[in-house]
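Spelled out from the first residue to the last, the chains are:
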Amino acid sequence: MMDGRAVGLALALCGVAGLAQAQSPVVRAALDSAAVAWDTGDYVNALDGLHRIVRADRSPGVRERVALLTGEWFVSTELTADARAPRWSADGRWFTWETGEAGALRTHVAAVDVESGAVQRVAELAGAGAALRDDGAVAWLAVAEDDALRAARAALTGLTGAVAARQRQGIARLEAERTRVMLRDAGTTRDRVVSTAGVVPGALLWNADGALLVLGGAPGSAAPDRLVQLTGAGAPRVLVEAGGTRAAIASARALPGPHVLLVHARGGFALLDTSSGALHEVDGSAPSVSADGGHLVFTAAEGAETVIRVLAVGGAASPREVHRTVLPVANPAISPGGARVAFQMMPREDWEIFVVPAAGGAPLRITHEIQHDLQPHFLSPDTLLALMGEARHRRSYLYDLGRVHGSGERVATRTVADDAPGRLRLHHNNTIRTVAPEYEWVPSPDGRRVLILADRDGDTISPERALVLMDLTRTVPAQALEDRLARNLAAESALRAAGARAFEPMRGAVADAVGAVSTARIYGYALDLFRFDSKFITQPGNQQAIAYIAEKLRSFGYEPRLQWFDARGVRTANVIGVLRGTVHPDLVYVISSHFDSVERGPGADDNSSGTTALLEAARVLATRPQPATIHFAFFTGEEAGLLGSREYVRLAVANGDRIVGALNNDMVGFANDHRLDNTIRYSNAGIRDLQHAAAGLFTRLITYDARYYRSTDAAAYYEAYGDIVGGIGSYPILGNPHYHQSHDVLETINQQLVAEVSKTTIASIMLMASSPSRLTGLRVTQSAPTEAVWTPAVESGVREYIVAWGPPEDPLRDQVRVTEARVLFRTRLPAGTVIGVKAINVAGYESWDWARTAVR
């Protein structure tokens, strides 16, 4: 008999394998046709077909396939646009999250109805580090703010390096001295201070008996070294005090019954019986406890081998060996009831997920993805939550262990729209283009729900991360799915139409240019660069690459500029090719890629792929000069700290170069499947949309997007010239398992993908260099009628300006055209109205981005 949790998950995961048989051949054919269109990036036809299908057939099987192709299948609720540190109570009925900065930290408490999933916000508390008891009582840590602490924080402003580090240490000491334990009982709004009697609290937890425990240390201690129980009166009861080589306790977790798991900072862990005081020390690492608290799994090193062992919590038996291997192993997890163990193992270059019976036996491989598969977590005895990808963009998936290697029904009925057997994508932002990086996943103890922190809006630059509650017992209603399809169809149709209009005056010239791109030539450049091995600035390959790129540019007809500078005791150089503008030679657009690699490897993807795409763009455009000047910038020293791009920008500023737009390509050659897809990494939304159009109109490249430029060469442009950057990066933001490894080698690169990126770059820069740049100086005066003025376009031949205005949700609602750099509106516009302006030149090209401001 299945409990409610298992039934909910089984229904949610049943999908195509169980329900597709009820679909008619006509519906299945229509679904497959729409999925093929989707797979090729023809989103307008795909969405139109899917919308028609769902309107005609709302059956669960149809809805699941369409939902998973276009976004989420489970119901998700965005609780807040900014959060961190989500936590659940042990019974899964309460959760918390934190907001705010130092000095103004807030903890938010919410209750969720276990059956309906309805969420009710319960409290907002001043402080952080909350722990929830099953009856709704909450304990948290609050810092008593005073003038000394505020002054110390203010003194940190402007400090860098070692001085800033010392100041932060001082602030941490002051905060520790002023930290108090606060308690609010269930059903009340009254807070009280709980005495810790000289123990500086570091973390709070409730044990199974409802007692409040504190992991902390003595005043002035560098790290927590004791676990105490707060009694409410008198001195806390010391449960354990570390000593010797394991003087610091990294973390503590309360388990069902009287036990607490203590993880030592210097290795090893222990199980503490709070009733008897017995401490069971274990030599091992990465301990993980089953959801019911009855079993614990961990790893131990024995020579060259790693051993996975299982221990019954509170039992007298010694740990039982489950698996032994010489391969790298990490992140073991154990199922409720203790029957199965999941873990990461690396059979080649990337992590995969394996499952093995806790009683012993051969491991079963669950994943076969080219990207890393990581951090398995059991939601039920038969369902795993696991992650995929690199740390800056991981995605969450559910795995039905009964069907990964079961009867093969999903494989037998598999079509283009289906995912891997037994695998189901969990989180998405339900848009077509915008990537939503995920960062943290906290499943509820009963496995029914997951709290996820993500950049749901695709903005990786702003510090805000949305908190989403995903309910695994509820799937997307038919009407919500129809609305999703209609919304995305409208957005995709508008994007395609706007791109076609923008490129119409130069469509033939662009098609001719991109048609000259040669995949064979690109491979030849890549092979030459690969033979130089590492191109890190301290390695011989760096100098060889400088000479090679300069010689290639000469062969194309350029006279390369070498920007030599000293770094890390060596001399290195950027290589710049200049294509002088025919109309506005004083205006500069830049296409850049770094050619250096990490010290340990040749960097075939990072970033010979971007370099070869740039070389081919330089070759093709050498005989096709554009109205504005184009710099082809090959940067050195990116892997040593963005050295080359910062040097290029430093010289550009010193020389007074008027850089008005830039494209930076980095890691564009890795593909994890047959699709030729990549991500536009941008700071400027106009360039983003222009590049989507360039890819869709002139190439086979399928493009996504994310606001992303930090820790890349694009940051140098942004810091000096502002919001002018676009470009293409790896799909979908660092999914390559070879990233920064010795095995980032030539055979892992799809040279056709690199060619499509080169074509997209050529088309993009041709339109940018032929169009007016973004206007500057836009300002609004609120007199009787509202007036807007701006600096006239820097380009000659501008015939008029488009002025658009409207509310933030529809900023282009109203429009007018004027010939002067000002407009007087008929009325006084309400505060919050967004005003945008573009220039139009005599050839019919519009500015590639709006200058915008808001009425105050």
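Whatever comes next refers back to the structure up there.
Described in the following lines is the structure provided in the data block.

What counts and how
Residues numbered from 1 in each chain as written. Predicted model: local features only at pLDDT ≥ 70, side-chain atom pairs only at ≥ 80, totals over all residues. Heavy atoms only, no water. Helix = DSSP H or I, 4+ residues; strand = E, 2+ residues; numbered from the N terminus. Rg over C-alpha atoms; globule rule 2.2 N^0.38 Å. Contact = heavy atoms within 4.5 Å. Areas by Shrake-Rupley, 256 points an atom, 1.4 Å probe, with all protein chains shown as cover. Patch = residues over 30% accessible without salt bridge, like charges linked within 9 Å, V, L, I, M, F, W, Y side chains within 5 Å. Salt bridge = Lys/Arg side-chain N within 4 Å of Asp/Glu carboxyl O. Lys, Arg positive; Asp, Glu negative; His and termini not counted. Charge placed at Lys NZ, Arg CZ, Asp CG, Glu CD. Buried < 20%, exposed > 50% of the residue type's maximum accessible area, 1.4 Å probe, protein only. Polar contact = N/O pair within 3.5 Å; in protein donor to acceptor, adjacent residues only side chain to side chain. Phe/Tyr/Trp six-rings, centres within 6.5 Å; stacked < 30°, edge-to-face > 60°. Core = buried A, V, L, I, M, F, W, Y, C linked by side-chain atoms within 4.5 Å. 1 Å grid on protein atoms, 1.4 Å probe; cavity = no way out; pocket = protein on both sides within 12 Å on 5 of 7 lines; lining within 4 Å. Points joined across faces, edges and corners; volume = space filled by probe spheres on them. Nonpolar A, V, L, I, M, F, W, Y, C, P; charged D, E, K, R; others polar. Axes fitted to C-alpha atoms, helices over the stretch in contact; angles between N-to-C directions. Parallel < 35°, antiparallel > 145°, perpendicular 65-115°, else oblique. Left-handed = near helix turned anticlockwise from the far one by under 90°. Pairing = 2+ DSSP bridges.

Quick notes on the overall build of the chain
Alright, step 1. Scanning the chain from N- to C-terminus turns up 17 helices and 48 strands.
Alright, step 2. Taking 29 Å as the expected radius of gyration for a compact globule of 856 residues, we find that the chain reaches 30 Å, a close match to that expectation.
Alright, step 3. The dimensions of the chain, computed from C-alpha atoms along their principal axes, are 85 × 70 × 65 Å.
Alright, step 4. Taking contacts inside the chain between residues at least 6 apart in sequence as the whole, the part at least 24 apart equals 60%.
Alright, step 5. Working note: accessible area of the chain is about 33,900 Å², and carbon and sulfur atoms make up 51% of it.

Focus: the environment of Ile432
Alright, step 1. Residue placement: Ile432 occurs in the loop between β29 (423-425) and β30 (438-443).
Alright, step 2. Here the alpha-carbon distance between Ile432 and Gly41, two residues 391 residues apart in the chain, equals 9.8 Å.
Alright, step 3. In contact with Ile432, not counting residues within four places along its chain, are Trp38, Tyr43, Leu47, Asn488, Glu492 and Tyr704.

A closer look at a negative patch on the surface
Alright, step 1. Together, Asp82, Glu101, Asp457 and Glu464 line one region of the surface with negative charge.
Alright, step 2. As for its placement among the helices and strands, Glu464 is situated in the loop between β31 (449-454) and β32 (466-475).
Alright, step 3. With relative accessibility at 35%, the residue Glu464 sits in the partly exposed group.

So, the environment of Thr833
Alright, step 1. The topology assignment puts Thr833 in the loop between β46 (822-824) and β47 (834-841).
Alright, step 2. When its relative accessible area of 7% is taken as the criterion, Thr833 is described as buried.
Alright, step 3. Thr833 sits 69 residues away from Ser764 along the chain, and the two C-alpha atoms are 31 Å apart.
Alright, step 4. A distance of 2.8 Å separates a polar atom in the side chain of Thr833 from the backbone oxygen of Pro830.

Things to note about the packing of aromatic side chains
Given two aromatic rings, one states the distance between the centres and the angle between the planes to describe the pair.
Alright, step 1. Throughout the structure, instances matching the rule amount to 16 aromatic pairs.
Alright, step 2. Geometrically, the ring pair formed by Phe635 and Tyr648 is tilted, given 5.5 Å between the ring centres and 50° between the ring planes. Here the residue Phe635 occupies a position in strand β36 (residues 628-635), and Tyr648 occupies one in helix α14 (residues 643-655), the gap between them amounting to 13 residues. Both residues of the pair, Phe635 and Tyr648, belong to the buried class.
Alright, step 3. Among the aromatic residues, those joined into a cluster by ring pairs are Trp88, Phe95 and Trp97.

Points about the nonpolar core
Alright, step 1. Phe503, Phe632, Phe634 and Ile762 are the most contacted members of the largest nonpolar core, which totals 66 residues.
Alright, step 2. Examining the composition of this core, we find that 11 residues originate from one element, helix α17 (residues 751-770), more than from any other.
Alright, step 3. In contact with Phe634, other than residues within four places in its own chain, are Ile549, Leu553, Asn574, Val575, Ile576, Ser593, Phe595, Thr611, Leu614 and Leu615.

So, the pattern of salt bridges
Alright, step 1. All told, the structure shown has 49 salt bridges when counted by the stated rule.
Alright, step 2. In this structure, Glu482 engages Arg58 in a salt bridge whose closest nitrogen and oxygen atoms are separated by 2.5 Å. Of this pair, Glu482 sits in helix α9 (residues 478-503) while Arg58 is found in the loop between α3 (43-56) and α4 (60-70), placing the two residues 424 residues apart along the sequence.
Alright, step 3. With relative accessibility at 9%, the residue Glu482 sits in the buried group.
Alright, step 4. Overall, the relative accessible area of 42% leaves Arg58 in the partly exposed class.
Alright, step 5. With a closest N to O distance of 3.9 Å, Arg531 and Asp528 form a salt bridge.
Alright, step 6. Taking relative accessible area as the criterion, Arg531 reaches 60% and is therefore assigned exposed.

A word on empty space enclosed by the protein
Alright, step 1. This model, assessed by the stated rule, comprises 3 cavities of 30 Å³ or more.
Alright, step 2. Estimated volume of the largest cavity: approximately 50 Å³.
Alright, step 3. Lining the largest cavity we find Asn664, Asp666, Arg681, Tyr708, Tyr709, Thr712, Ala714, Gly726 and Ile728.
Alright, step 4. Tallied by class, residues from the lining of the largest cavity come to 4 nonpolar, 3 polar and 2 charged.

Re the packing of α4 against α9
Alright, step 1. Interhelical geometry of α4 versus α9 gives an angle of 40° and a closest axis separation of 11 Å. When the axis of α4 is compared with that of α9, the two are oblique. Between α4 and α9 lies a crossing of left-handed hand. Here Arg63, Val66, Ala67 and Thr70 of α4 lie close against α9, whose contacting residues are Ala478, Leu481, Arg484 and Leu485.
Alright, step 2. Considering only residue class, the contact of α4 with α9 consists of 5 nonpolar, 1 polar and 2 charged.

Focus on the sheet that holds strand β15 (residues 259-264)
The pairing of strands in a sheet happens through backbone hydrogen bonds and is either parallel or antiparallel.
Alright, step 1. Judged by pairing direction, the sheet is antiparallel, and its 4 strands sit side by side in the order β14-β15-β16-β17 without closing on themselves. Each edge of the sheet is formed by a strand with only one pairing partner; in this case those strands are β14 (249-254) and β17 (279-282). Sheet twist, expressed as the mean angle between neighbouring strand axes with direction ignored, is 20°.
Alright, step 2. Inspection of the sheet shows β15 paired to strand β16 (residues 269-273) by 5 bridges, in the antiparallel sense. Paired with Leu261 across the two strands is Leu271, which belongs to β16.

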